[in-house]
Amino acid sequence: MSATVTIASTSLRRFFRDRSNYFFVLILPILLVVAVGLQFGGAGAAGQVVLTGSGDLTDQLASELEDVNIGVDRQDDPDRAKELVARGRTDAAVVVDAAADAAWADGKPANVTVLPGSQANGQATTATVNSVLNSLSGRQAALNALGGDRAASAKALDGVSDVGPTLKVTSVGDDLGEEFSGLGRFDLGAAQQLSLFMFLSALTGSTLLIQSRELGVTRRALSAPVTPLQVIGGEALGRFAIALAQGLYVVIGTAVLFGVDWGNPLATSLVVAAFAGVSASAAMVLGSLMDNAQAATGLGIGLGMVVAALGGSMLPLELFPDGLLKISAFTPHHWAYEAYSEIQRRGGGVADVLPQLGVLFGMTALLLPLGAWLLRRSLSRAL
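Residues numbered from 1 in each chain as written. Predicted model: local features only at pLDDT ≥ 70, side-chain atom pairs only at ≥ 80, totals over all residues. Heavy atoms only, no water.

Enquirer: How should the overall build of the protein chain be read in this particular structure?
Expert: Helices and strands together make up the secondary structure of the protein chain, namely 17 helices and five strands. Buried residues in the protein chain amount to 50% of all 383 residues. Taking as baseline every contact in the protein chain between residues at least 6 positions apart, the subset at least 24 positions apart corresponds to 76%. As presented, the protein chain carries roughly 17300 Å² of accessible surface, and 60% of it is formed by carbon and sulfur atoms. (Helix = DSSP H or I, 4+ residues; strand = E, 2+ residues; numbered from the N terminus. Buried < 20%, exposed > 50% of the residue type's maximum accessible area, 1.4 Å probe, protein only. Contact = heavy atoms within 4.5 Å. Areas by Shrake-Rupley, 256 points an atom, 1.4 Å probe, with all protein chains shown as cover.)

Structure, rendered in structure tokens:
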């Protein structure tokens, strides 16, 4: 066991001895979390909306949106609002024309158009806007039903919602409000970058397996009183340590710097460890199959980026079409994303993420024996 741990610790030290890894492992993940966080939240708010209109409906909508931490930019020109959405300068636009404001004032159904942005927060902000509109619609329906003095009825109806629809909302996108409602500004980006960089670090660290064979480190290790099984175990543990170190750094760093809420500590730790196991196993396979360190680095980065994109580390899974979502289920990132979503957004614990943990452990059980067998073959070639 001591020989296995020694080999693993040596691999970890060799990985961090390469100063080029400092930016890739320590700085870049944090920068991307910031970038995604700035995209996901606008100016410290949960979203940003451009609102056109000048009547009572527009004023009520602006007030309700600000109450749910949505920033509101009032504009007079609907074309300008649409332009801001198209240029990605706002998460969504809500167009309330004069006819809609007049109909609302008369207690009649009004037509409101909602235009979401193309990025992830555009869908989430649109869902929040729809929720606010539905709440206003229910209140208006109740006022219509009560009749009489509208001011007195409105005072009596404080807190009443979901009475009945009076607005016809034209919008593009899915209802993602509930899915993203439990997220802080940087939570989504942190979870996505965690899986992305754990997998990438492990795959790029697979080059150490190749360098060990090229530099004769493997031959010298096997010439000592160390069995091939101990060498394989040490290399596998080394890949695991690299991925786990990357994961712990992202979790602790984002929690301290950005206040990311990782939810239940035990559940999150188990998901990170399970994902590190899959990452280490994939690195074992890659490092045993390749004989050129530079080629392995290029392939590892390319493969890691593609798998991450398919697994929801670049675009939330909620925005995937059904066909792509089925393909995504073959990636470990998909199951890690679902696990973090359960923990962060819905306060899940270990029992709630057991299905995702089972899949991740199953992937490790498939890849690790394959990587060990391939590495044993490569060790035979190195002798």
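Enquirer: Would you mind showing me how to read the pattern of salt bridges here?
Expert: Any two side chains of opposite charge can pair, on the condition that their charged atoms come close. The full count for this structure, using the stated rule, is six salt bridges. For Arg74, the salt bridge goes to Asp59, with nearest N and O atoms at 3.1 Å. In this pair, Arg74 is assigned in strand β2 (residues 70-75) and Asp59 in helix α3 (residues 56-67), connecting sequence segments 15 residues apart. Judged by its relative accessible area of 40%, Asp59 falls in the partly exposed class. (Salt bridge = Lys/Arg side-chain N within 4 Å of Asp/Glu carboxyl O.)

Enquirer: What exactly am I supposed to notice about the packing of helix α10 (residues 207-214) against helix α12 (residues 228-258) here?
Expert: How two helices sit against one another is set out by the angle between their axes and by the gap between those axes. For the pair α10 and α12, interaxial distance at closest approach is 10 Å and the crossing angle is 140 degrees. Judged by the angle between their axes, α10 and α12 are oblique. In this structure, α10 crosses over α12, and the sense of that crossing is right-handed. In this structure, α10 uses Leu208, Leu209 and Ser212 to contact α12, whose residues at the interface are Glu235, Arg239 and Ile242. (Axes fitted to C-alpha atoms, helices over the stretch in contact; angles between N-to-C directions. Parallel < 35°, antiparallel > 145°, perpendicular 65-115°, else oblique. Left-handed = near helix turned anticlockwise from the far one by under 90°.)

Enquirer: I tried to follow the packing of aromatic side chains on my own but got confused; where do I start?
Expert: Two measures describe an aromatic ring pair: the distance that separates the ring centres and the angle between the ring planes. Going through the model one piece at a time under the given rule, you end up with three aromatic pairs. Judged by centre distance (5.9 Å) and plane angle (75 degrees), the ring pair of Trp262 and Tyr340 falls under edge-to-face. Note that Trp262 is positioned in the loop between α12 and α13 (265-289) and Tyr340 in helix α16 (residues 332-346), a separation of 78 residues in sequence. Tyr340 shares its class with Trp262; the two are buried. (Phe/Tyr/Trp six-rings, centres within 6.5 Å; stacked < 30°, edge-to-face > 60°.)

Enquirer: What is the right way to look at the side chain of Asp101 in this model?
Expert: Inspection of the secondary structure puts Asp101 in helix α5 (residues 98-105). It is Arg74 that comes nearest to the buried, bridge-free Asp101 among opposite-charge side chains, at 7.2 Å. In this structure, Asp101 is in contact with Gly53, Ser54, Gly55, Asp56, Leu57, Thr58 and Val96, ignoring residues within four places of it in sequence. (Lys, Arg positive; Asp, Glu negative; His and termini not counted.)

Enquirer: Any chance you could explain the environment of Pro228 here in plain terms?
Expert: With respect to the element layout, Pro228 can be found in helix α12. Given the relative accessible area of 34%, Pro228 is considered partly exposed. When the C-alpha atoms of Pro228 and Arg376 are compared, they prove to be 7.3 Å apart, with 148 residues separating the residues in sequence.

Enquirer: I'm lost on a nonpolar patch on the surface in this one. Help?
Expert: Taken together, Leu248, Ile252, Val256 and Leu257 make up a surface patch of nonpolar side chains, about 420 Å² in accessible area. Within the secondary structure, Leu257 is located in helix α12. Since its relative accessible area comes to 57%, Leu257 is described here as exposed. (Patch = residues over 30% accessible without salt bridge, like charges linked within 9 Å, V, L, I, M, F, W, Y side chains within 5 Å.)

Enquirer: I would appreciate a short explanation of the pairing of β2 in the present structure.
Expert: Every other side chain in a regular strand lies on the same face of the sheet, so the side chains alternate between the two faces. As judged from the six bridges shared by strand β1 (residues 47-52) and β2, these two strands associate in the parallel manner. Of the residues in β2, the one forming a bridge with Gln48 is Gly71. Handedness of the crossover joining β1 and β2 through α3 is recorded here as right-handed. (Pairing = 2+ DSSP bridges. Right-handed = clockwise from strand over helix to strand, strands pointing away.)

Enquirer: Would you mind showing me how to read the side chain of Arg345 here?
Expert: Among the structural elements, Arg345 can be located in helix α16. Only 2.9 Å separates the side chain of Arg345 from the side chain of Glu318, close enough to count as a polar contact. (Polar contact = N/O pair within 3.5 Å; in protein donor to acceptor, adjacent residues only side chain to side chain.)

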